[in-house]
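Notes for the structure review
Spelled out from the first residue to the last, the chains are:
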Amino acid sequence: LTDEWVSENIAEHDTVDAWKGALRERLEEMRLNTMRRTVVDRVTDALAALVDIDAPESMVQGDLQARVQNTVQQFQQQGIALDQWLSATGQDTASFIEGLKVQSEKAVKVDLALRAVATAQGIETTDDDIEAEFQAIAMQVNEKVAKVRKAYEQNDAVTDLSSQIRKSKALDWLLEHVEVVDEAGTAINRDLLLGRSASADDTAAASDAE
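Residues numbered from 1 in each chain as written. Predicted model: local features only at pLDDT ≥ 70, side-chain atom pairs only at ≥ 80, totals over all residues. Heavy atoms only, no water.

Another aspect to go through is the packing of aromatic side chains. For the coordinates displayed, the defined rule picks out four aromatic pairs. Ring geometry for Trp-85 against Phe-96: centres 5.8 Å apart, planes inclined by 75°, an arrangement best described as edge-to-face. Of this pair, Trp-85 sits in helix H4 (residues 82-88) while Phe-96 sits in helix H5 (residues 93-120), and the two are eleven residues apart along the sequence. Residue classification places Trp-85 among the partly exposed positions, given a relative accessible area of 26%. (Phe/Tyr/Trp six-rings, centres within 6.5 Å; stacked < 30°, edge-to-face > 60°. Helix = DSSP H or I, 4+ residues; strand = E, 2+ residues; numbered from the N terminus. Buried < 20%, exposed > 50% of the residue type's maximum accessible area, 1.4 Å probe, protein only.)

Structural data, given as structure tokens:
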């Protein structure tokens, strides 16, 4: 592997060091994203466990219906027949639905808990929050912000969007305040897990914890 080969074959880079540096940054970003998802999963698991009431069945069924539809749509987009997937994984329709229902029950408990956190901490959704979300959605779907805003208003979906933003802010608050430890109970640098700068020692500790 030489600088000449990199210059001729890698469009973005001219030297071996530059290419390796870019690859390292990409891998580090992927690693940090994976760790952050792990932290979010652990936090929401712990949060759901604190909810000592049964998840309301109406909320569970609503989440379950949406979850089933999304799963089926994903299979269709990938050209996978649901019955073939069920056969390949040794499941029937009932067990498939039951597995998704377990996820829905957790999601509802997390939903209730995040609402409680938002209330306890006085977390609210502002007009600026909603406008920023409209801008982010517009960028994702490549539409004008005004068109996205109008669509939400016409479908009476602004209230639901505001609720989602509020719960997202509550989750962010939790991520900033929970104590994250490894299996030995040693605290892990939160900034590292949230994708901020950290020392090499912290990186190694987080890797060991995962």
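This is not the end of the story, as more comes after the structure.
What follows covers the side chain of Asp-111. Mapped onto the secondary structure, Asp-111 falls in helix H5. Overall, Asp-111 belongs to the buried group, its relative accessible area being 14%. Filtering out sequence-adjacent residues up to four positions away, Asp-111 remains in contact with Met-59 and Lys-167. (Contact = heavy atoms within 4.5 Å.)

All right, on to helix H3 (residues 57-77) then. Helical geometry: 3.6 residues make up each α-helical turn, so side chains three or four residues apart lie on a common side. Taking 1.5 Å per residue as the helical rise, H3 with its 21 residues ought to reach 30 Å, and the 30 Å between its terminal C-alpha atoms agrees with that figure. Within H3, burial applies to Val-60, Leu-64, Val-68, Thr-71 and Phe-75. Angularly, the buried residues of H3 cover 70° about the axis, an arc narrow enough to put them on a single face. Summarising the geometry of H3, the exposed residues directed more than 90 degrees from the buried face are Ser-58, Gln-65, Gln-76 and Gln-77. Here the buried face of H3 lies against H4 and H5. (Expected span 1.5 Å × (residues − 1). Arc of directions from axis to C-beta.)

This part covers the confidence of the model for the protein chain. With 92% of its residues at a pLDDT of 70 or more, the protein chain shows a mean pLDDT of 88. pLDDT under 50 marks residues 198-210. Its contacts with residues more than four places away, or in other chains, come to 15 contacts. (pLDDT = per-residue confidence, 0-100.)

Further remarks concern the packing of helix H6 (residues 127-141) against helix H7 (residues 145-154). The contact between H6 and H7 brings their axes to 8 Å, and the two run at 110°. It follows from the interaxial angle that H6 and H7 lie roughly perpendicular. In this structure, H6 meets H7 at a crossing whose hand is right-handed. For the pair H6 and H7, contact is made by Glu-131, Phe-134, Gln-135, Ile-137, Ala-138 and Val-141 and by Val-145, Val-148, Arg-149 and Tyr-152, respectively. In terms of residue class, the contact of H6 with H7 is built from seven nonpolar, one polar and two charged. (Axes fitted to C-alpha atoms, helices over the stretch in contact; angles between N-to-C directions. Parallel < 35°, antiparallel > 145°, perpendicular 65-115°, else oblique. Left-handed = near helix turned anticlockwise from the far one by under 90°. Nonpolar A, V, L, I, M, F, W, Y, C, P; charged D, E, K, R; others polar.)

Next up on the list: the pattern of salt bridges. One pass over the full model with this rule turns up nine salt bridges. The shortest N-O distance in the salt bridge between Lys-101 and Glu-57 comes to 3.5 Å. One end of the pair, Lys-101, is in helix H5; the other, Glu-57, is in helix H3, with 44 residues separating them in the sequence. Glu-124 is the partner of Arg-166 in a salt bridge, and the nearest nitrogen-oxygen pair spans 3.5 Å. In this pair, Arg-166 sits in helix H8 (residues 158-177) while Glu-124 sits in the loop between H5 and H6, placing the two residues 42 residues apart along the sequence. Note on Glu-124: relative accessible area 47%, which makes it partly exposed. Beyond isolated ion pairs, a larger network of salt bridges with shared partners links Asp-111, Arg-115 and Lys-167. (Salt bridge = Lys/Arg side-chain N within 4 Å of Asp/Glu carboxyl O.)

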